[in-house]
Amino acid sequence: MTISIICTNKDPKPWVAALRALDPTLDVQIWPNESRKADVEFALCWNHPEGVLRDYPNLRCICSMGAGIDHLLNDDFFPKDLPVIRIIDPLLAQSMYEYLHTAVMYYFRDFDIYKAQQYQSNWKQQSPKAIAHTTIGVMGLGKLGEYSASKFSKIGFNVIGWSRTQKTITGVKSYASDRQLGEFLSQVDILICLLPLTNETRGILNLENINKLPFGACLVNVARGEHLIDEDLITALNEGQLRGACLDVFREEPLSQMHPFWQNNKILLTPHCSSITDPNSVAPQILKNYRLMKSGQALMNQVDPFRGY
Ligand code: NAP
Ligand code: GLV
């Protein structure tokens, strides 16, 4: 029985080391150099090449190397009859919160405005809104969204969240479904996108929805580049509808050198680093799932490929 690590833009070696550190007898191999494709029963994937999973006739389980599974389902030849599992990890949630906290504070304490003033040698104090009167809106109240929403509420922000189904989270007012999206957006000073990329959420950060935000709101997108309509963001920034945007994810990664986002001084961009899975932290859950699979038991962190998350 072989575990194969099939990834294109991640270094697989720390993953092999983390798994072998837990169990030196494990047969962990790296695509495309597995000794026998027929021995592979468990695939650990991140942006695998389209169609490659058809090479493994005895595959029994596919595990994402991160929280999202959109990179798996992008493949038209993805075997949707196999169980799909993903990473759920407290460290991932904490790391995401640390990034979001930095981005939120950057806008909340007007650092974007001070940076622009600095280039004009302009000494001018801004008056930030009170923390309790600053509304953070979190789109997606799953494992990552709920954690951050709850933490922001504990430090004093007014926090509201939007998800498919209604939630009960202390300190966070919950809005649900397309019906309540407009009401949710109309209150948000700093909008955070933490939705999974699905057919329903693709392009949700479009001009129509951005225009429902109060004038001068800020956007933080840490979910997926395809949630955002790039041209709509530029329009909203030019018109002042959005004051600024902090982007960690892009339609094309790495972002093309020619992309207008690089030179836009209202955009703060980072290279998909808001929350990177730590192989040492998640190896125990992967190994546990591998053993559950081998013994035919129910898997942990299983997702529904038909729902898309
Ligand atoms: P999750 O636990 O699956 O949560 C997804 C949330 O989105 C749920 O609250 C769900 O609502 C909501 N949702 C899904 N479809 C919706 C729709 N059509 N309308 C409204 N709400 C909808 O996901 P997660 O673990 O928190 O991760 C979220 C995403 O973050 C990942 O999919 C990935 O794309 C991204 N991510 C990015 C990084 C990075 O480094 N940039 C790192 C990790 C993850 P219900 O609960 O009601 O179903
Ligand atoms: C990162 O983008 C993840 O989905 O874990």
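What counts, and where the lines are drawn
Residues numbered from 1 in each chain as written. Chains lettered and ligands numbered in written order. Predicted model: local features only at pLDDT ≥ 70, side-chain atom pairs only at ≥ 80, totals over all residues. Heavy atoms only, no water. Phe/Tyr/Trp six-rings, centres within 6.5 Å; stacked < 30°, edge-to-face > 60°. Buried < 20%, exposed > 50% of the residue type's maximum accessible area, 1.4 Å probe, protein only. Lys NZ or Arg CZ within 6 Å of the ring centre and 35° of its normal. Helix = DSSP H or I, 4+ residues; strand = E, 2+ residues; numbered from the N terminus. Pairing = 2+ DSSP bridges. Right-handed = clockwise from strand over helix to strand, strands pointing away. Axes fitted to C-alpha atoms, helices over the stretch in contact; angles between N-to-C directions. Parallel < 35°, antiparallel > 145°, perpendicular 65-115°, else oblique. Left-handed = near helix turned anticlockwise from the far one by under 90°. Contact = heavy atoms within 4.5 Å.

### A short note on the packing of aromatic side chains
- What the rule picks out here adds up to 8 aromatic pairs.
- On the basis of an interplanar angle of 80° and a centroid distance of 5.2 Å, the ring pair of Tyr106 and Tyr107 is categorised as edge-to-face.
- A relative accessible area of 18% places Tyr106 in the buried class.
- When the centroid spacing of 5.9 Å and the interplanar angle of 80° are considered together, the rings of Phe152 and Phe157 count as edge-to-face. Across this residue pair, the class does not change: Phe152 and Phe157 are buried.
- An aromatic cluster is built from Tyr97, Phe108, Tyr147, Phe152 and Phe157, whose rings are joined through pairwise contacts.
- One Lys or Arg, Arg307, reaches over the ring of Tyr309 and ends 3.8 Å from the middle of that ring.

### Describing the pairing of strand E10 (residues 217–221)
- In terms of residue burial, E10 counts as a mostly covered element, since 5 of its 5 residues are buried.
- Burial of the side chains of E10 extends over both faces: Ala217, Leu219 and Asn221 are buried on one face and Cys218 and Val220 on the other.
- Of the strand pairs in this sheet, strand E9 (residues 190–193) and E10 are connected by 4 bridges, and their pairing is parallel. Looking at the pairing, Cys193 lines up with Asn221 of E10.
- Both E10 and strand E11 (residues 242–247) contribute to a ladder of 5 bridges, which runs parallel. Bridged to Ala217 within E11 is Leu242.
- Following the backbone out of E10, through helix H8 (residues 230–239) and into the adjacent parallel E11, one traces a crossover that is right-handed.

### Describing the packing of helix H1 (residues 13–22) against helix H9 (residues 279–294)
- Put simply, H1 and H9 touch, their axes get as near as 9 Å, and they point 55° apart. In terms of orientation, H1 and H9 fall into the oblique class. For H1 against H9, the interelement crossing comes out right-handed. Facing H1, whose interface residues are Pro14, Trp15, Ala18, Leu19 and Leu22, H9 presents Pro279, Asn280, Val282, Ala283, Pro284, Ile286 and Leu287.

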